[in-house]
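What the coordinates show
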Amino acid sequence: MNCFNKKLRRTSPIHGSSTNELVPSKPPRMNGWSWPPQAFQVVGWLVYSYLGIVSFGIYIPLLPPPWNHVVYSVIGIAFVLHFFTHIAAATIDPADASVRAKQSYSNPMPFFDRMKQPHVIKDLHCYLCDVKVGPNVKHCGVCNKCVEDFDHHCQWLNTCVGGRNYWCFFVALCSATLGVFILVVVILFICIQHYLNPDSLRTAPQFHNLLGNSTWLVFLPLAPIKTSSAALLILAFVTAMLSIACLLLLAHLLGFHCYLFFKGISTYDYIKTQRQKEGRKSESENPKDVKIHNKTLQSQDTSIDCEPALSQSSGTCKLQNKGSLTSRFSESICTERLRAAL
């Protein structure tokens, strides 16, 4: 029974649980490198490393000149740009300036008694961070701190995306989409030429000493290793499937954020609007919920809160009520754990 040794604080109810429910208090997270890492974060770096190795080590060297030099340059710029912007987006602390000036990231947050204060942020004051904040600040329940111009909590970065690191996140998204798209085109070209004209892929000087088209070389030109035609095609198929899956997710996420940029809203605002629409829809279907919904809207007008109305254990962004297919797919791609007290 070591539960009595944990520091607890009151927080918002999760899926209809009691308002008196207590959860362990935890120190706030500084950035995406704060322990522990998220599974999506680890998977993302593994996929990035794998695609980089097969791109520059196996498939781009097989392209005939001058296309191999062109693809080296373009996809190289995309991979390098993504690497640095991804690092920057995960490293920058997105917290509000008042939080960064005061906050000690090694100490647990103080108790929050919802019986005394119904919302974490009220009248531009955060009762957890104990600072004055701006009108666009939200308190993320995962990072456990107030985030300036909060957009969403990204598990691929393992940190919040806010005003301070949004453009790094967006550039990383654009460069990843471009790099994966070019890789898909390269692999499809190599698979087609392997059957139509394999000699066009064997222009490297190291192929001159090989007889027949059944033996291929990878990791050209520095460390050529022999492999079979079947192994090359199987690896191409696996890489193509992985790249296409990544491309679909990245393109959809990029299109979603371009839509948000065009509308001039954040991901948080979009999810909040979708929930309000679902609330009005359910209200029309169930007139008994009118009073409950009106009380919820009234509380939203008088306070700004980013406490968890979603499951703390959820790895993806899930609405309590099923919405449209587009909104649910967008949220699952982002794996955003928004903290909205709706």
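Given the structure is predicted, the values throughout are model-derived calculations rather than measurements. (Residues numbered from 1 in each chain as written. Predicted model: local features only at pLDDT ≥ 70, side-chain atom pairs only at ≥ 80, totals over all residues. Heavy atoms only, no water.)

So, helix 6 (residues 267-285)
Taking 1.5 Å as the rise per residue, helix 6 with 19 residues should run 27 Å; its terminal C-alpha atoms sit 27 Å apart, in good agreement. Looking at helix 6, one finds that the buried residues are Thr267, Tyr268, Tyr270, Ile271, Gln274, Arg275, Glu278 and Gly279. (Helix = DSSP H or I, 4+ residues; strand = E, 2+ residues; numbered from the N terminus. Expected span 1.5 Å × (residues − 1). Buried < 20%, exposed > 50% of the residue type's maximum accessible area, 1.4 Å probe, protein only.)

Some words on the pairing of strand 10 (residues 215-218)
Where strand 10 and strand 11 (residues 225-228) come together, 4 bridges link them in antiparallel fashion. Residue pairing across strands places Leu217 opposite Lys226, the latter belonging to strand 11. The hairpin turn running from strand 10 into strand 11, its antiparallel successor, is 6 residues long, and Phe219 in that turn takes a positive phi close to 60°. (Pairing = 2+ DSSP bridges.)

Brief notes about helix 5 (residues 229-263)
With 35 residues, helix 5 should cover 51 Å at 1.5 Å per step; its first-to-last C-alpha distance of 50 Å lies within 8% of that length. Gly264 sits one or two residues past helix 5 and shows a positive phi near 75°.

Some thoughts on the sheet that holds strand 4 (residues 125-126)
Overall, antiparallel pairing links the 3 strands, which are arranged 3-4-5 in an open sheet. Unpaired on one side and paired on the other, strand 3 (121-122) and strand 5 (131-132) mark the two borders of the sheet. Where strand 4 lies against strand 5, 2 bridges are found, and the strand directions are antiparallel. The residue of strand 5 that forms the bridge with His125 is Lys132.

Comments concerning the environment of Ile265
Position of Ile265 relative to the elements: it lies in the loop between helix 5 and helix 6. For the pair Ile265 and Asp151, spaced 114 residues apart in sequence, the C-alpha to C-alpha distance is 8.9 Å. Beyond its immediate chain neighbours, meaning those up to four positions away, Ile265 contacts Leu260 and Tyr270. (Contact = heavy atoms within 4.5 Å.)

Concerning the pattern of salt bridges
Counted under the stated rule, the structure contains 1 salt bridge. Where Lys145 meets Asp93, a salt bridge forms, and the shortest distance between an N and an O atom there is 2.5 Å. Of this pair, Lys145 sits in strand 7 (residues 145-147) while Asp93 sits in the loop between helix 2 (67-91) and helix 3 (97-102), and the two are 52 residues apart along the sequence. A residue is classified by how much of its surface remains accessible, and Lys145, at 0% relative accessible area, is buried. (Salt bridge = Lys/Arg side-chain N within 4 Å of Asp/Glu carboxyl O.)

Structural notes on the UniProt feature "transmembrane region" (unreviewed entry) in the protein
Sites flagged by UniProt as "transmembrane region" (unreviewed entry) map to residues 39-63, 69-92, 166-196 and 230-262. End C-alpha atoms of residues 69-92 are separated by 34 Å, and the span's content is 96% helix alongside 0% strand. End C-alpha to end C-alpha, residues 166-196 measures 45 Å, and it is 100% helix and 0% strand. (UniProt positions renumbered as here; feature names shortened; annotations may be inferred.)

Some points on the packing of helix 4 (residues 166-196) against helix 5
Orientation of helix 4 relative to helix 5, taken along the N-to-C sense of each, is 145°, at an axis distance of 8 Å. In this structure, the crossing between helix 4 and helix 5 has a hand that is left-handed. By residue class, the composition of the contact of helix 4 with helix 5 is 26 nonpolar, 6 polar and no charged. (Axes fitted to C-alpha atoms, helices over the stretch in contact; angles between N-to-C directions. Left-handed = near helix turned anticlockwise from the far one by under 90°. Nonpolar A, V, L, I, M, F, W, Y, C, P; charged D, E, K, R; others polar.)

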